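Geometric and topological summary
The residues making up each chain are set out below.
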Amino acid sequence: MTVAKTSVLVLDCAEPEALALFYANLLGAEIRPGAGPDMIEVVGGAGVHLAVCLDRGYAPPSWPRPEDSQQAHLRILVAAEDLDEAEREAVSLGARPVSTDAEAGPREARVLSDPAGHSFTLAATGPRTPGEELLGGSPARLTGTAG
């Protein structure tokens, strides 16, 4: 028999309150106290459950450069027709675009960094053509991927 488990992706940072607020606003989630005094959880519908933790010696990852490179990143799924608006919203909340290629034209994934320097991707869940059904379920699902 398998024991029921819940997983939480924890992001280290120097200012957990500010980073928790960033992700709560970006994902339409709520903030609640975490397991310890230095941890804050971000919890919402559609599978959103992450935490931010105080790290007094935190240094932001330098992805895509190899030194101090990322260990993981968030992949936030958004309806394809909402991708441009989701990117504008993330930037208005304090995210910074990360240019990883010189490809011109529409992109189905946008790489950004949060205010603490962690990279995350806004990715389209389905076609951009109006009238077509979206693939992959509801927008704003959150998944963690190894980097």
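In short, a report on the structure. (Residues numbered from 1 in each chain as written. Predicted model: local features only at pLDDT ≥ 70, side-chain atom pairs only at ≥ 80, totals over all residues. Heavy atoms only, no water.)

A short note on the state of the cysteines
Counting across every chain of the model gives zero disulfides. Looking at cysteine 53, it has no disulfide partner, and the nearest cysteine sulfur is the one in cysteine 13, 7.7 Å off. Of the residues examined, cysteine 53 reaches a relative accessible area of 16% and is grouped as buried. (Disulfide = S-S within 2.5 Å. Buried < 20%, exposed > 50% of the residue type's maximum accessible area, 1.4 Å probe, protein only.)

Side note on the side chain of threonine 121
Inspection of the secondary structure assignment puts threonine 121 in strand 8 (residues 119–124). Setting aside residues no more than four positions away along its own chain, threonine 121 makes contact with His73, Leu74, Arg75, Ile76, Ala109, Arg110 and Val111. (Helix = DSSP H or I, 4+ residues; strand = E, 2+ residues; numbered from the N terminus. Contact = heavy atoms within 4.5 Å.)

Here's the deal with the pattern of salt bridges
Enumeration over the complete set of coordinates arrives at five salt bridges. Linking arginine 88 and glutamate 85 is a salt bridge whose minimum nitrogen-to-oxygen distance equals 3.0 Å. A residue pair is termed a helical-turn pair when its members lie 3 or 4 positions apart in one helix, as arginine 88 and glutamate 85 do in helix 2 (residues 83–92) at three residues. On the basis of relative accessibility, which here comes to 45%, the residue glutamate 85 falls in the partly exposed class. Of the charged contacts in the structure, one is a salt bridge between glutamate 87 and arginine 110, with a shortest N-O distance of 2.6 Å. Taken together, the residues glutamate 87 in helix 2 and arginine 110 in strand 7 (residues 109–113) connect sequence positions 23 residues apart. Exposure remark for arginine 110: the relative accessible area of 4% places this residue in the buried category. What emerges from the salt-bridge pattern is a single network uniting Asp84, Glu87 and Arg110. (Salt bridge = Lys/Arg side-chain N within 4 Å of Asp/Glu carboxyl O.)

With respect to the environment of alanine 90
Examined against the element boundaries, alanine 90 turns out to sit in helix 2. Alanine 90 sits 68 residues away from phenylalanine 22 along the chain, and the two C-alpha atoms are 8.6 Å apart.

Digging into the sheet that holds strand 1 (residues 9–13)
Strand pairs in the sheet, formed through backbone hydrogen bonds, run parallel or antiparallel to each other. Strand order in the open sheet made by the four strands is 1-4-3-2, with mixed pairing throughout. Of all strands in the sheet, those bounded by a partner on one side alone are strand 1 and strand 2 (30–33). Taking each pair of neighbouring strands and ignoring which way they run, the sheet shows an average axis angle of 25°. (Pairing = 2+ DSSP bridges. Axes fitted to C-alpha atoms, helices over the stretch in contact; angles between N-to-C directions.)

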